[in-house]
Amino acid sequence: MGIKQSSKEYPVEKNTFYFSESSFEKITDIMYMEEFEQGARIFWEGDPVQKLFYVKEGSVQLSKLNDEGKDLTLYHYFPGDLFGEFSPSDNQISTFTAQALEDCKIGVIQQADLEVLLWQNGDLAIEFAKWQSLIQRSTELKIRDLLFHGKNGALASTLIRAANTYGIQDGENIHISRKFTNNEISSLIGATRETVNRMLSKLKSDGLISYENGRITITDLEGLKLVCNCEECPLSICRL
């Protein structure tokens with residue numbers, strides 16, 4: 001897990017980097033654009049899986065309901081990212097809900113059209129398989145962070161991912177430019193707001209972060225890595 005030193009609005013590496021320019025042009029040729037206002041649902045958990053989506057403008061949050069009926073936030077997507085599920089059957093339903101974090105322009109790709117394109121273009125099919133592998137690997141590592149190192153490890157990992165996504169390097173410190181409420185952080189790690197508040201206070205007292213009015217600064221990155229047993233994942237995976 002390394003910090004990408006950038007102050008751009010969306011500094012993360014896009015998840016479409018496996019696609020060549022010519023291959024992705026073929027995908028953009030079959031997509032059509034839809035606009036979604038901030039807070040709108042792009043699709044719901046339980047909807048039929050028939051489409052993939054490409055973020056042209058804005059940002060999107062992907063979440064899932066847990067057993068207690070609470071949202072667990074799994075991903076944030078930004079301009080240049082492709083998201084959605086590619087179904088191997090005709091009756092698969094979505095396991096996630098996608099919501100616009102801000103006003104968005106989204107490219108919609110019908111699975112039936114994409115299947116034809118993959119049959120016709122071997123190079124594109126290989127690149128698409130690599131993209132699917134990246135998404136699967138990202139999901140596996142997020143589940144690892146949430147399940148195998150306790151809530152403290154999950155929080156430390158999430159803060160590092162947030163720094164890679166929204167971080168601005170300032171000497172030894174990394175300022176997370178996006179303001180997160182305790183409720184938002186609790187959705188990212190599957191904990192209660194009270195638990196998050198207690199853990200943030202502990203990280204602050206340990207000198208690993210500073211935290212005030214929802215603004216988080218990482219002051220000891222290596223210390224956070226020890227908490228979550230960091231495996232130094234690449235930036236394409238270590239992001240929200």
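Residues numbered from 1 in each chain as written. Predicted model: local features only at pLDDT ≥ 70, side-chain atom pairs only at ≥ 80, totals over all residues. Heavy atoms only, no water.

Under an unreviewed UniProt entry, the name given to the protein chain is Fumarate/nitrate reduction transcriptional regulator Fnr, and the organism recorded is Bacillus carboniphilus.

## What to know about the UniProt feature "domain: HTH crp-type" (unreviewed entry) in the protein chain
When the UniProt feature table is mapped onto this chain numbering, "domain: HTH crp-type" (unreviewed entry) sits at residues 149-222. Along residues 149-222, the helical share is 54% and the strand share 22%, with 16 Å between the first and last C-alpha atoms. (UniProt positions renumbered as here; feature names shortened; annotations may be inferred. Helix = DSSP H or I, 4+ residues; strand = E, 2+ residues; numbered from the N terminus.)

## Observations concerning the side chain of Arg 161
Along the polypeptide, Arg 161 turns up in helix H4 (residues 150-166). From its side chain, Arg 161 meets the backbone oxygen of Ile 237 in a polar contact 2.9 Å long. Once residues within four sequence positions are removed from consideration, Arg 161 is found in contact with Leu 141, Lys 142, Asp 145, Ile 237, Cys 238, Arg 239 and Leu 240. (Polar contact = N/O pair within 3.5 Å; in protein donor to acceptor, adjacent residues only side chain to side chain. Contact = heavy atoms within 4.5 Å.)

## Examining the environment of Val 108
Residue position: Val 108 is located in strand E8 (residues 104-110). The spacing of Val 108 and Phe 148 is 40 residues in sequence and 36 Å in space, taken between C-alpha atoms. Val 108 has contacts with Ile 30, Met 31, Tyr 32, Glu 34, Lys 51, Leu 52 and Phe 53, leaving out every residue within four places of it along the chain.

## Focus on the sheet that holds strand E3 (residues 51-57)
In spatial order, the strands read E1-E8-E3-E6; together these four strands make up an open sheet with antiparallel pairing. At either end of the open sheet lies a strand with only one pairing partner, and these are strand E1 (32-36) and strand E6 (82-84). Ignoring which end each strand starts from, the neighbouring axes of this sheet average 35° apart. Where E1 lies against E8, five bridges are found, and the strand directions are antiparallel. Directly across from Glu 34, in E8, lies its bridge partner Ile 106. Here helix H2 (residues 111-120) sits on the sheet and contacts E3 and E8; the angle it forms with E8, its principal contact strand, is near 60°. (Pairing = 2+ DSSP bridges. Axes fitted to C-alpha atoms, helices over the stretch in contact; angles between N-to-C directions.)

## Regarding a nonpolar patch on the surface
A cluster of nonpolar residues, Ile 143, Leu 147 and Phe 148, forms a patch on the protein surface that exposes about 350 Å² of accessible area. Assignment of secondary structure puts Ile 143 in helix H3 (residues 122-147). (Patch = residues over 30% accessible without salt bridge, like charges linked within 9 Å, V, L, I, M, F, W, Y side chains within 5 Å. Areas by Shrake-Rupley, 256 points an atom, 1.4 Å probe, with all protein chains shown as cover. Salt bridge = Lys/Arg side-chain N within 4 Å of Asp/Glu carboxyl O.)

## Notes on the packing of H3 against H4
Contact geometry for H3 and H4: axes closest at 6 Å, N-to-C directions at 135°. If you check the angle between H3 and H4, you find them oblique. Taking contact as the criterion, the partners of Leu 141, Lys 142, Asp 145 and Leu 146 in H3 are, on H4, Gly 150, Gly 153, Ala 154, Ser 157 and Arg 161. Of the residues belonging to the contact of H3 with H4, the class tally is three nonpolar, three polar and three charged. (Parallel < 35°, antiparallel > 145°, perpendicular 65-115°, else oblique. Nonpolar A, V, L, I, M, F, W, Y, C, P; charged D, E, K, R; others polar.)

## Regarding the environment of Met 33
Structurally, the position occupied by Met 33 is in strand E1. Sequence separation of Met 33 and Tyr 54 is 21 residues, and the distance between their C-alpha atoms is 9.1 Å. Setting aside residues up to four positions removed in sequence, Met 33 forms contacts with Lys 56, Lys 105, Ile 106 and Gly 107.

## As for the sheet that holds strand E7 (residues 97-100)
The four strands lie next to each other as E2-E7-E4-E5, forming an open sheet whose pairing is antiparallel. Each end of this open sheet is capped by a strand with a single partner; those strands are strand E2 (41-43) and strand E5 (71-77). Taking the axes of each pair of neighbouring strands and ignoring which way they run, one obtains an average angle of 30° across the sheet. Of the pairings in the sheet, the one linking E2 to E7 comprises two bridges and is antiparallel in character. From the neighbouring strand, Arg 41 faces E7, where its bridge partner is Gln 99.

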